[in-house]
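Analysis of the macromolecular model
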Amino acid sequence: MSKKVALILGINGQDGSYLAEFLLEKKYEVWGGIKRNSVAENQTSRLDSIYSQLMGKLQYADLTDLASLISLIQQSQPDEIYNLAAQSHVRISFDQPIYTTLATGLGVLNLLEAIRLIKPDVKFYQASSSEMFGNCIDSDGFQRESTPMNPVSPYGCAKVYGYNITRNYRNSYNLFAANGILFNHESPRRGTNFVTNKVAKEAVKIKKGLSKELKLGNLHATRDWGHAKDYAKAMWLILQQKTPDDYVCATGISYSVKDLVEYTFSKLGLDWEKYVKIDQKYFRPEELEDLKGDSSKLRKLGWKPEYTFQTMMDEMIEYWLNKYK
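As a starting point, this report considers the structure included with it.

Conventions used here
- Residues numbered from 1 in each chain as written.
- Predicted model: local features only at pLDDT ≥ 70, side-chain atom pairs only at ≥ 80, totals over all residues.
- Heavy atoms only, no water.
- Helix = DSSP H or I, 4+ residues; strand = E, 2+ residues; numbered from the N terminus.
- Expected span 1.5 Å × (residues − 1).
- Contact = heavy atoms within 4.5 Å.
- Axes fitted to C-alpha atoms, helices over the stretch in contact; angles between N-to-C directions.
- Parallel < 35°, antiparallel > 145°, perpendicular 65-115°, else oblique.
- Left-handed = near helix turned anticlockwise from the far one by under 90°.
- Nonpolar A, V, L, I, M, F, W, Y, C, P; charged D, E, K, R; others polar.
- 1 Å grid on protein atoms, 1.4 Å probe; cavity = no way out; pocket = protein on both sides within 12 Å on 5 of 7 lines; lining within 4 Å.
- Points joined across faces, edges and corners; volume = space filled by probe spheres on them.
- Pairing = 2+ DSSP bridges.
- Buried < 20%, exposed > 50% of the residue type's maximum accessible area, 1.4 Å probe, protein only.
- Polar contact = N/O pair within 3.5 Å; in protein donor to acceptor, adjacent residues only side chain to side chain.
- Phe/Tyr/Trp six-rings, centres within 6.5 Å; stacked < 30°, edge-to-face > 60°.
- Lys NZ or Arg CZ within 6 Å of the ring centre and 35° of its normal.

The terminal C-alpha atoms of helix 11 (residues 309-323) lie 21 Å apart, and with 15 residues this matches the ideal 21 Å at 1.5 Å per residue to within 8%. Each element contacted by the buried residues of helix 11 is listed here: strand 7 (185-186), helix 7 (195-207), strand 10 (226-227), strand 12 (255-256) and helix 9 (257-267).

Put into structure tokens, the structure is as follows:
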């Protein structure tokens with residue numbers, strides 16, 4: 001029996017690298033689409049441990065370039081496509097709203113059109129986001145598949161378009177097109193301009209005498225933080241179902257940015273209040289205050305997270321401690 005083939009757009013990102021490792025363990029043939037980066041040394045750094053298994057199967061592609069997507073699908077002939085590519089930083093989406101909309105929103109349409117024209121039998125996973133809900137919260141304090149979507153950032157708006165066009169193509173063309181509505185997920189591979197890894201890195205630098213302060217924005221915003229490795233498994237599980245559907249993926253527990261800071265600094269034996277400064281430039285033009293997901297629909301498929309918030313942060317702190325030895 002021939003190997004299943006998976007194509008991951010954004011394979012060199014945090015999620016893509018964990019998903020690639022997971023699929024290779026499951027004996028998939030894995031292909032990847034990567035966007036060109038001017039610093040080639042950083043381009044595939046998250047894939048170092050599996051790079052030899054991906055030789056010849058990493059191709060330059062961009063969601064805004066339909067021809068590159070068509071070429072990649074024709075070359076790889078995948079059984080499953082995972083779209084994890086996007087301009088994924090919420091704060092930066094206010095600085096680059098048009099590009100964010102083109103890549104994160106219309107890019108999904110480009111990919112779906114390529115699938116419809118070339119490989120309509122493929123199973124397609126779209127990385128949707130809890131940012132789509134905005135400040136809409138159900139009466140029990142959770143957000144779930146049925147919660148209204150009222151995004152409060154260009155990124156969230158673009159993700160809503162991607163989510164809806166995925167559903168539209170599923171219904172219009174009978175494609176296996178599914179959405180995973182993933183809440184915040186982190187790891188040592190997270191970009192250091194995202195708050196979890198920013199806090200972990202700077203707290204360790206302060207502990208080592210390499211930094212004197214940490215600048216942050218809204219300390220009172222709460223997020224449902226899980227580990228990207230757990231969430232990569234959820235992506236795969238969603239595509240193993242008989243019929244395509246949409247699923248929230250979340251831990252169901254939320255913590256504030258202040259909780260995150262207190263936990264990290266206390267693990268390092270530091271008083272956070274001596275080092276943390278509030279900087280207005282890290283506030284969003286429209287704030288998203290609370291996110292907490294109900295993943296009971298996904299858990300019925302057998303998914304559950306292995307990491308807790310604490311073990312996730314411990315791993316990230318340990319990573320930076322080793323980095324700055």
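Now for the packing of helix 3 (residues 66-76) against helix 5 (residues 97-118). Where helix 3 meets helix 5, the axes come as close as 9 Å, and the angle between the chain directions of the two elements is 45°. Compared by their axis directions, helix 3 and helix 5 come out oblique. In the crossing of helix 3 with helix 5, the sense of the turn from one axis to the other is right-handed. Where helix 3 approaches helix 5, its residues Leu66, Leu69, Ile70, Ile73 and Gln74 are matched on the opposing element by Asn110, Leu111, Ala114, Ile115 and Ile118. The residue makeup of the contact of helix 3 with helix 5, split by class, is eight nonpolar, two polar and no charged.

All right, on to the layout of surface pockets then. Empty space among the atoms can be located by rolling a probe the size of a water molecule over them. Taken as a whole, the second largest pocket spans an internal volume of roughly 200 Å³. As for the second largest pocket, its lining consists of Arg46, Pro188, Arg189, Arg190, Gly191, Thr192, Asn197, Tyr319 and Trp320. Classifying every residue of the lining of the second largest pocket by side-chain character gives three nonpolar, three polar and three charged.

As a further point, take the sheet that holds strand 3 (residues 58-60). Strand order in this open sheet of seven strands is 3-2-1-4-5-6-11, and the pairing throughout is parallel. Each having just a single partner strand, strand 3 and strand 11 (246-249) make up the two edges of the open sheet. Across the sheet, the mean angle separating the axes of adjacent strands is 20° when strand polarity is ignored. Bridge count for strand 5 (residues 123-129) against strand 6 (residues 176-182) is seven bridges, and the pairing is parallel. Across the sheet, residue Lys123 finds its bridge partner in strand 6, namely Phe176. Along the sheet, helix 8 (residues 228-239) makes contact with strand 4 (80-83), strand 5, strand 6 and strand 11, crossing strand 6 at roughly 155°.

Moving on, we get to the environment of Ser129. As for its position among the elements, Ser129 is in strand 5. With a relative accessible area of 6%, Ser129 lands in the buried category. Put simply, Ser129 and Tyr82 are 47 residues apart on the chain and 14 Å apart in space, counted from C-alpha to C-alpha. Residue contacts for Ser129: discarding those within four places in its chain leaves Tyr155, Lys159, Gly180, Ile181 and Leu182. A distance of 2.9 Å separates the side chain of Ser129 from the backbone nitrogen of Glu131, its partner in a polar contact.

Right, let's get into the packing of aromatic side chains. What describes a pair of aromatic rings is the distance from one ring centre to the other and the angle between the planes of the rings. Counted under the stated rule, the structure contains eleven aromatic pairs. Their ring planes at 45° and their centres at 6.0 Å tell us that Tyr82 and Tyr125 sit as a pair that is tilted. Residue Tyr82 is found in strand 4, and its partner Tyr125 is found in strand 5; the two are separated by 43 residues along the sequence. Each member of the pair Tyr82 and Tyr125 is classed as buried. Members of the aromatic cluster, joined through ring pairs, are Trp225, Tyr255, Tyr263 and Phe309. Its guanidinium or amino end placed over the ring of Phe176, Lys123 lies 4.6 Å from that ring's centre, counting from NZ or CZ. Lys198 extends its terminal NZ or CZ atom over the ring of Tyr282, reaching a point 3.5 Å from the ring centre.

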